[in-house]
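Now for the letters of each chain:
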Amino acid sequence: MNSLHSTSHSVHVLKFISQFRSTPKFCILKRNVTSNLENYGSNHFSNSTASTSIKAARDGVDTAVVVEEEGPKLRKFQVFEGHPVPFGATVRDGGVNFAIFSANAVSATLCLISLSDLPENTVTEQFFLDPLTNKTGDVWHVHLKGDFKDMLYGYKFGGSFSPEEGHYYDPSQIVLDPYAKAVISRGDFGVFGSDDNCWPQMACMIPTADDKFDWEGDSLLKYPQRDLIIYEMHVRGFTQHESSRTEFPGTYLGVVEKLDHLKELGVNCIELMPCHEFNELEYYSYNSVLGDYKVNFWGYSPVNYFSPMTRYSSAGTRNCGHDAINEFKLLVREAHKRGIEVFMDVVFNHTAEGNERGPILSFKGVDNSVYYMLAPKGEFYNYSGCGNTFNCNHPVVRQFILDCLRYWVIEMHVDGFRFDLASIMTRSSSLWDAVNVFGSPIEGDLVTTGTPLGSPPLIEMMSNDPILRDVKLIAEAWDAGGLYQVGMFPHWHIWSEWNGKYRDIVRQVIKGTDGFSGAFAECLCGSPDLYQERGRKPWNSINFVCAHDGFTLADLVTYNEKHNLANGEDNNDGENHNNSWNCGQEGELTHISVKKLRKRQMRNFFLCLMVSQGVPMIHMGDEYGHTKGGNNNTYCHDNYINYFWWDKKEESSSDFFRFCRLMTKFRHQIAVNASPLARMTSQQQRGCNGMVMLLVHQIGQKQAVLWPLH
């Protein structure tokens, strides 16, 4: 479906890309900033205008208050009471309605900030919201009509600053709307804000009535999950290397230029590592080992969940983020034209705000005790390992998550989601009680904060949502708090799981560890020991040997030990148990015989992945043998370690890459769920380990007995 694209289609893409040719090129500014905590406390705004207190009519009738103030920066706005739904900034009735939930704030101020005032930390105009007319329940709202050109927005909330009670209100600081559709701060990846600030002030895009994108009839592809071959990739890393020769390296447009490679490889689904707005300079510091600077490259630290990462777009902050949104849409549309679904790796387990020492950016300043899982004295639970834990099963938060996911499906045409540390979404919320969830008390019911729930309200809502149950939902079924749910994640026959047991067992078998043949047979047959008893199918297992976290496929056969010195943490970070084998010598410089064995081992791994029941996932770069030098935790490197080397891919085009292409083609051509193992030709078996192939054929004869496939 949509596997071919015409010449006219290519012309359309080139026309779109040509709009961005004036975008400034990326350049990293090297500053000797050693701490991520140095600057984020300085984002307090000054006012360039007099403020306006809103007191509309209180008889239920929307009455306009005309705000007309002096000064060259001021504009004229008509102000109305507004509506409490939908949340966020919404175009309606000839203006924009602003609505935001905050149960514990005692005051709220809507701040409008022009693009020119944002770098100066200056509020252009602000409107105090009257709790009698601009608040319904716990929702603050206002409706404005006027000129919003080049204007952004944020909020100030007043209330108690008492961390021991879970509140972090600071009326001098602007916070982001959790429902903002784009976040604007810095325009270029890795480049500082004013005064070398790693945490410059951010503000939210205001939508306009002419926000349009030509989808050209695009819709979700809706492939049966059993037919997928997933490719996990990093947007920036895919084309940032100079060998990509793309016009806009490291961007959504750069990925568009290289989609034909994915088509050639044979994958029909890409899983994008985090593309929500995050701050890559979050822990910016000098790395004396490599002589460069550590950044948050992977992006598992969201600032806002509705906003695509603006610095992954060639447009950056131009047009207040509207162009960045359209570039992401273009990527999805062009992927669909090539028959490739688009999944997002989403991080609803924690945010960039961290614990009590972290910055106040959005959720913490809007209503900290609602959005985060807190202990009785205000301490942050840390099931994520990143300082805080999103309070997923709180009624307000779970509705927020549903609204966000629906937005990405309906407005951005995303085909599915992989949920990072998904087990956190099964834990009970803080302030948990039966009334909070079910509406009435249950005698003897006592569930402490963080307790794993058999039927988590959030997962239940997602699984039965008419929009979300029509896309793919994949759980990373564990968290940093020790909750491991592979094979046991609450699923409603909808959810799939990253099968970490498959990874570990296949690695053990192919490196030659005794005692795993039975477990290996289960892996090749879709892990019925994990999924059959609870009513799921082989395709509910997402099979993988390598992912972003851990060794690459080439390093898996090259190193016995991790080599993470380049991270500047004395090799203390990263996983110590990799189930790898260097084939006799550590490192890349070795004998020819060892190199030949390594190539055979890589083929064995890829073969197992392609002939196993379930859904295979390939990690970016493994198709040509990308190496990270034995580093199994490359979260902090915006350099060659994480970049796709297109020149190396060309070198391997007649070798390992060709083998991978043939294996994905083989998987597509046969009925994958009808014993592909026994149907391999001798040519397809060539170069594979004889012991592995013998076991593969034996299991191929027995798989129908192990697990009925239909």
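This structure is a prediction, so every number in the text was calculated from the model and none was measured.

Colleague: Before we go on, may I ask you to explain the sheet that holds strand β24 (residues 416-419) in this structure?
Modeller: Neighbouring strands of a sheet are bound in pairs by backbone hydrogen bonds; such pairs are parallel or else antiparallel. Ordered in space as β17-β18-β23-β24-β25-β26-β27-β28, the eight strands form a closed barrel in which the pairing is parallel. Across the sheet, the axes of successive neighbouring strands diverge by a mean angle of 25 degrees, strand direction being ignored. Alignment of strand β18 (residues 269-272) against strand β23 (residues 341-346), held across four bridges, turns out to be parallel. When the bridges of β23 are listed, E271 appears paired with F343. The sheet contacts of helix α5 (residues 322-337) involve β18 and β23, and relative to β23 the element is tilted by about 135 degrees.

Colleague: Can you walk me through helix α6 (residues 363-371) in this structure?
Modeller: A large share of α6 lies buried, amounting to nine of its nine residues. Among the residues of α6, those classed as buried are F363, K364, G365, V366, D367, N368, S369, V370 and Y371. Those residues of α6 that are buried are in contact with β6 (95-101), β12 (151-158), β14 (167-168), β22 (302-308) and α7 (395-410).

Colleague: What exactly am I supposed to notice about the packing of helix α10 (residues 500-511) against helix α11 (residues 517-524) here?
Modeller: Describing two packed helices takes the angle between their axes plus the distance from one axis to the other. The geometry of α10 relative to α11 is characterised by a closest axis approach of 9 Å and an angle of 130 degrees between their N-to-C directions. Judged by the angle between their axes, α10 and α11 are oblique. Considering the relative orientation of α10 and α11, their crossing is left-handed. From α10, K501, Y502, I505, V506 and V509 reach across to α11, where they touch A519, F520 and C523. Split into classes, the residues belonging to the contact of α10 with α11 amount to seven nonpolar, no polar and one charged.

Colleague: In this structure, what is going on with the packing of helix α14 (residues 592-611) against helix α16 (residues 656-669)? I would like to understand it.
Modeller: Contact pair α14 / α16: the axes reach a minimum separation of 10 Å and the direction vectors enclose 15 degrees. For the element pair α14 / α16, the angle class is roughly parallel. Note that α14 runs across α16; the crossing there is right-handed. On α16, the residues touching M602, R603, F606, L607, L609, M610 and V611 of α14 are F656, F659, C660, M663, T664, F666 and R667. A breakdown of the residues in the contact of α14 with α16 according to their chemical character gives 11 nonpolar, one polar and two charged.

Colleague: Which parts of the structure should I look at to understand the packing of aromatic side chains?
Modeller: The geometry of an aromatic ring pair is captured by the separation of the ring centres together with the interplanar angle, meaning the angle of the planes. Evaluation of the coordinates by the stated rule reveals 55 aromatic pairs. When the ring of F213 is compared with that of W215, the centres are 5.0 Å apart and the planes differ by 75 degrees; the resulting orientation is edge-to-face. Like F213, the residue W215 is buried in the burial classification. The residue whose ring lies beneath R226 is W539, and the NZ or CZ to ring-centre distance is 4.1 Å. The ring of Y383 carries R427 above its face, with NZ or CZ at 3.8 Å from the centroid.

Colleague: So what exactly am I meant to see when it comes to the pairing of strand β25 (residues 472-475) here?
Modeller: Here is the key point about a regular strand: its side chains alternate between the two faces of the sheet. With burial as the criterion, each face of β25 is covered, one bearing K472 and I474 and the other bearing L473 and A475. Here β24 runs beside β25; their pairing, made up of four bridges, is parallel. In the strand pairing of β25, F419 is matched with A475. The pairing of β25 with strand β26 (residues 496-498) spans two bridges and is classified as parallel. Among the inter-strand pairings, A475 is bridged to a residue of β26, identified as E497.

About the criteria used
- Residues numbered from 1 in each chain as written.
- Predicted model: local features only at pLDDT ≥ 70, side-chain atom pairs only at ≥ 80, totals over all residues.
- Heavy atoms only, no water.
- Pairing = 2+ DSSP bridges.
- Helix = DSSP H or I, 4+ residues; strand = E, 2+ residues; numbered from the N terminus.
- Axes fitted to C-alpha atoms, helices over the stretch in contact; angles between N-to-C directions.
- Contact = heavy atoms within 4.5 Å.
- Buried < 20%, exposed > 50% of the residue type's maximum accessible area, 1.4 Å probe, protein only.
- Parallel < 35°, antiparallel > 145°, perpendicular 65-115°, else oblique.
- Left-handed = near helix turned anticlockwise from the far one by under 90°.
- Nonpolar A, V, L, I, M, F, W, Y, C, P; charged D, E, K, R; others polar.
- Phe/Tyr/Trp six-rings, centres within 6.5 Å; stacked < 30°, edge-to-face > 60°.
- Lys NZ or Arg CZ within 6 Å of the ring centre and 35° of its normal.

Note that all results are geometric; they support no functional claim without further evidence.
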